[in-house]
Amino acid sequence: AESELIRAQRFESLAMLAGGLSHDLRNLLQPLLLAGDSLQDYQDDPRLARLGKLVRDCGRRGLDMVHSMLSFARGARRAEQVKLGTLFSAFDLLMQGSVPRSVAMELVIDDPELSFEGNHTELQQCLLNLCLNAIQAMPDGGKLHIETSQTTLDDDFFLPEEQPRNGRYLCISVKDDGPGMEPAVLEHMFEPFFTTKETGTGLGLLSCKRIVGSHGGVMRVESEPGRGTRFDLYIPLEEVVSDALGAGDDDELEGAA
Ligand code: ADP
């Protein structure tokens, strides 16, 4: 089961990298294609025209690959009705066998019938990342507490402009009593490839942030050396998030093809 979790985590990281990489690659390939085009039209020198065709054909193939990479990256991003009870029973099952005996996992779901618009797979992945981090932070054991509640946001929350602050939010808290984080770690933890672990990827928290963001939500962290760590995910319950979810760069891409 551990390897299944890690595979899921890798997949999400990969999807995220693929998304980012696709954009960069596309920006490289477009001028290349244009250059190939102009060379191909070069009537005076058949050798240049042949080179032009080669550049163009390779560029085309590259662009096709970028397209499939982008649709792969978007694959998991589908808005659907997520039921809290279903989300967490699947999650509980996934965690079984991955929680060491020394770690006591506690799961408190306030309203299993609660349902909201989101993406089941992405949220699972986000929870997995947070819980694996918590477990890894407690090699000598401890308590992993996961809890859901419903709330509104107070004024000290930073929200993207378009996000209404006074709607209802689902709050998912993941709390551990590990060593907590030093300010320097707290400051950098969301950066890609930032890790303090020997075999870490440094992509887990970034991917959580991306997932919560694509649900129109925000993430809050409380962590202090010696006092454990608590991540709170706030996901809007009432707003239509389908625009945020899966809002890819399709239009931009169509123009490029
Ligand atoms: P990774 O787990 O691969 O290191 P993450 O992005 O998930 O990548 O985490 C970045 C860093 O944040 C970790 O290396 C660790 O130092 C710190 N961190 C994350 N979660 C916790 C936690 N629950 N307790 C203590 N430190 C944490």
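An unreviewed UniProt entry lists the protein under the name histidine kinase, with Rhodanobacter spathiphylli B39 given as the organism.

Chemist: So, the overall build of the protein: which residues are in play, and what are the values?
Modeler: A count of helices and strands for the protein gives seven helices and seven strands. Shown N-terminal to C-terminal, the secondary structure of the protein runs as helices and strands in the order α-α-β-α-β-β-α-β-β-α-α-β-β-α. By sequence separation, contacts in the protein at least 24 residues apart represent 74% of the contacts at least 6 residues apart.

Chemist: I'd like a rundown of the site of the ligand, residues and numbers included.
Modeler: Contacts to the ligand come from 21 residues, most closely from N133, A137, T195, G200 and G204. Breaking the shell around the ligand down by element, the ones donating at least two residues are α4 (120-136) and α6 (204-214). Split into classes, the residues belonging to the shell around the ligand amount to nine nonpolar, ten polar and two charged.

Chemist: If you had to explain the pairing of strand β7 (residues 229-236) to someone new, which residues and values would you point to?
Modeler: The side chains of a regular strand alternate between both faces of the sheet. Counting buried positions along β7 gives six out of eight residues, so the element sits mostly inside the fold. Of the strand pairs in this sheet, strand β5 (residues 169-176) and β7 are connected by eight bridges, and their pairing is antiparallel. The residue bridging D176 from the neighbouring strand is T229, located in β7. Counting the residues in the hairpin turn of strand β6 (residues 218-223) and β7 gives five residues, including G226, whose phi is positive at 85°.

Chemist: Give me helix α3 (residues 84-95): which residues, what numbers.
Modeler: In this model, α3 (twelve residues) spans 16 Å end to end at C-alpha, consistent with the 16 Å of a helix rising 1.5 Å per residue. Among the residues of α3, those classed as buried are L84, L87, F88 and M95. The arc that holds the buried residues of α3, viewed along the axis, is 85°, so those residues lie on one side. A positive phi of about 90° marks G97, the residue just after α3.

Chemist: Any chance you could break down the packing of α4 against α6 for me, citing the residues and the numbers?
Modeler: At their nearest, the axes of α4 and α6 sit 9 Å apart, and the two run at 145° to each other. Between α4 and α6 lies a crossing of left-handed hand. In contact with E122, L123, Q125, C126, N129, L130 and N133 of α4, α6 contributes G204, L205, S207, C208, I211 and V212. Looking at the contact of α4 with α6 residue by residue, the class counts come to seven nonpolar, five polar and one charged.

Chemist: Describe the nonpolar core, listing the residues and the values that go with them.
Modeler: Membership of the largest hydrophobic core comes to 34 residues, with the highest contact counts inside it found for C126, L130, C131, A134, V174, V212 and I235. Sorting elements by how many residues they give to this core places α4 first, with eight residues. Beyond its immediate stretch of four places on either side in the chain, A134 contacts L144, V174, D176, G178 and T229.

Chemist: So what's going on with the confidence of the model for the protein? Which residues, and what values?
Modeler: Chain-level pLDDT for the protein is 83 on average; 81% of the residues reach the 70-or-more range. The model gives residues 240-257 a pLDDT under 50, and that stretch makes 26 contacts with residues more than four places away or in other chains. Per the prediction output, this complex has pTM 0.71; the corresponding ipTM is 0.99.

Chemist: Describe the sheet that holds strand β2 (residues 103-108), naming the residues involved and giving the relevant values.
Modeler: Here five strands make up an open sheet; going across it, the order is β2-β4-β5-β7-β6 and the pairing mixed. Among the strands making up the open sheet, the edge pair consists of β2 and β6. The average angle at which neighbouring strand axes cross in this sheet is 15°, direction not considered. In this sheet, strand β4 (residues 142-151) lies alongside β2 in parallel orientation, the contact comprising six bridges. Within β4, the residue paired with E106 across the bridge is H145. Along the sheet, α4 makes contact with β2, β4, β5 and β7, crossing β5 at roughly 20°.

Chemist: How would you sum up unusual backbone geometry? Please name residues and give values.
Modeler: Note: most residues except glycine have negative phi, and most peptide bonds are trans. One non-glycine residue with positive phi stands out, namely F193, at about 70°. Looking at the element boundaries, F193 is found in the loop between α5 (183-188) and α6. By the C-beta count within 10 Å, which is 9 here, F193 ends up exposed.

Chemist: Explain the pairing of β5 to me, using residue names and the numbers behind them.
Modeler: Pairing of β4 with β5, which is carried by eight bridges, proceeds in the antiparallel orientation. By the bridge assignment, E147 is partnered in β5 with S173.

Chemist: With reference to specific residues and values, describe the environment of F116.
Modeler: Position of F116 relative to the elements: it lies in strand β3 (residues 115-118). For the pair F116 and C208, spaced 92 residues apart in sequence, the C-alpha separation works out to 18 Å.

Definitions and limits used
Residues numbered from 1 in each chain as written. Predicted model: local features only at pLDDT ≥ 70, side-chain atom pairs only at ≥ 80, totals over all residues. Helix = DSSP H or I, 4+ residues; strand = E, 2+ residues; numbered from the N terminus. Contact = placed C-beta atoms within 7 Å. Near = placed C-beta within 6 Å. Nonpolar A, V, L, I, M, F, W, Y, C, P; charged D, E, K, R; others polar. Buried ≥ 20, exposed ≤ 12 C-beta atoms within 10 Å, placed from the backbone. Pairing = 2+ DSSP bridges. Expected span 1.5 Å × (residues − 1). Arc of directions from axis to C-beta. Axes fitted to C-alpha atoms, helices over the stretch in contact; angles between N-to-C directions. Left-handed = near helix turned anticlockwise from the far one by under 90°. Core = buried A, V, L, I, M, F, W, Y, C linked by C-beta atoms within 7 Å. pLDDT = per-residue confidence, 0-100.

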